Amino acid sequence: MELKDAVAVVTGANRGLGRHLAAQLVERGAKVYATGRRPGTVDLPGVTPLGLDVTDEKSIRAAARTASDATLLVNNAGISTGTPLIAGGLDAVRLEMETNFFGPLAVTRAFAPIIEGNGGGAVLNVLSVLSWLHPAGLGSYAAAKAAAWALTDAAREELAPRGITVSGLYVGYMDTDMAAGVPADQKTAPAHVAAQALRGIETGLPEILADEATRHVRQSLAASPNPA
């Protein structure tokens, strides 16, 4: 997909990776709707701030009406509560699933007909190495991201006949607020991840693996869990 003159909607663009994705899209000549639950928190030059709460259907529909010229959707908004599945509070587990799975699903359902009507385009889902690796302490996040991996693969097949490519961005720890407690030498710069993501969209990669740890885990999925 050509990003120059594309019209992108980037969810969760007020900080972290979303902010870098929005900024780099502007640099490449795209028109960018940069969304946040509170649009006043979006202060990037060159973007159009747009209110969008991915857990609120009314908010999603309103954003879709405003961004009716969209050709690219970046499902970046997400949360991590650090909640285990068995010992953790069920409300927190539900919140992660609502935000990290049902949110991207609802936004994609709203924008797919718009992108198709504008001649086709692309969807990028920001996922995680924890789509494939499921530590107990982050069980709710991993479960939601695993579900979002399935969403990405199924939506790719469903939307391909409508002229829409669907890519997944898989990454380990980034130097953002979400990974504030992780040592710096274990984190990837979000600007670097954003650049890889946009190159992947341009070339139509179905899976964009942003760091060595993610590439290693992805490759290990092909190995037998019970070697002879």
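Reading the values: rules and limits
Residues numbered from 1 in each chain as written. Predicted model: local features only at pLDDT ≥ 70, side-chain atom pairs only at ≥ 80, totals over all residues. Heavy atoms only, no water. Buried < 20%, exposed > 50% of the residue type's maximum accessible area, 1.4 Å probe, protein only. Helix = DSSP H or I, 4+ residues; strand = E, 2+ residues; numbered from the N terminus. Right-handed = clockwise from strand over helix to strand, strands pointing away. Pairing = 2+ DSSP bridges. Polar contact = N/O pair within 3.5 Å; in protein donor to acceptor, adjacent residues only side chain to side chain. Arc of directions from axis to C-beta. Contact = heavy atoms within 4.5 Å. Axes fitted to C-alpha atoms, helices over the stretch in contact; angles between N-to-C directions. Expected span 1.5 Å × (residues − 1).

### Some details on the pairing of strand S6 (residues 164-170)
Link 1 in the chain: Among the seven residues that make up S6, six are buried, leaving the element largely enclosed by the rest of the structure.
Link 2 in the chain: In this fold, the crossover linking strand S5 (residues 121-126) to S6 by way of helix H4 (residues 139-159) has right-handed handedness.
Link 3 in the chain: When S6 meets strand S7 (residues 207-209), the two strands line up parallel, connected through three bridges. Directly across from Gly168, in S7, lies its bridge partner Glu207.

### Overview of the side chain of Gln24
Link 1 in the chain: Here Gln24 lies in helix H1 (residues 16-27).
Link 2 in the chain: According to the relative accessible area criterion, Gln24 is buried, its value standing at 13%.
Link 3 in the chain: Within the local environment of Gln24, its side chain forms a polar contact with the backbone nitrogen of Ala195, the two atoms lying 3.2 Å apart.

### What to know about helix H2 (residues 57-66)
Link 1 in the chain: The complete set of buried residues in H2 reads Ser59, Ile60, Ala63 and Ala64. Buried residues in H2, looked at end-on, bunch into an arc of 135 degrees, giving them a common side. Turned more than 90 degrees off the buried face of H2, the exposed positions are Lys58 and Arg65.
Link 2 in the chain: Elements in contact with the buried residues of H2: strand S3 (48-51) and helix H3 (90-117).
Link 3 in the chain: The N-terminus of H2 is capped by Asp56, whose side-chain oxygen sits 2.9 Å from the backbone nitrogen of Lys58.

### Side note on the sheet that holds strand S1 (residues 7-10)
Link 1 in the chain: With parallel pairing, seven strands are arranged side by side in an open sheet as S3-S2-S1-S4-S5-S6-S7. Looking along the sheet, the strands with just one partner apiece sit at the ends: S3 and S7. Each adjacent strand pair in this sheet contributes to an overall mean axis angle of 20 degrees, direction not counted.
Link 2 in the chain: Bridge count between S1 and strand S4 (residues 72-75): three bridges; the pairing is parallel. Counterpart to Val9 in the pairing with S4 is Leu73.
Link 3 in the chain: Packing against the sheet, H1 makes contact with S1, strand S2 (31-36), S4, S5 and S6, and its axis sits at approximately 170 degrees to S1.

### Remarks on H4
Link 1 in the chain: Here H4 spans 30 Å end to end across 21 residues, near enough to the 30 Å set by a 1.5 Å rise per residue.
Link 2 in the chain: Of all the residues in H4, the buried ones are Gly139, Ser140, Tyr141, Ala142, Ala144, Lys145, Ala148, Leu151, Thr152, Ala155 and Leu159.
Link 3 in the chain: In this fold, the buried residues of H4 make contact with H3, S5 and S6.

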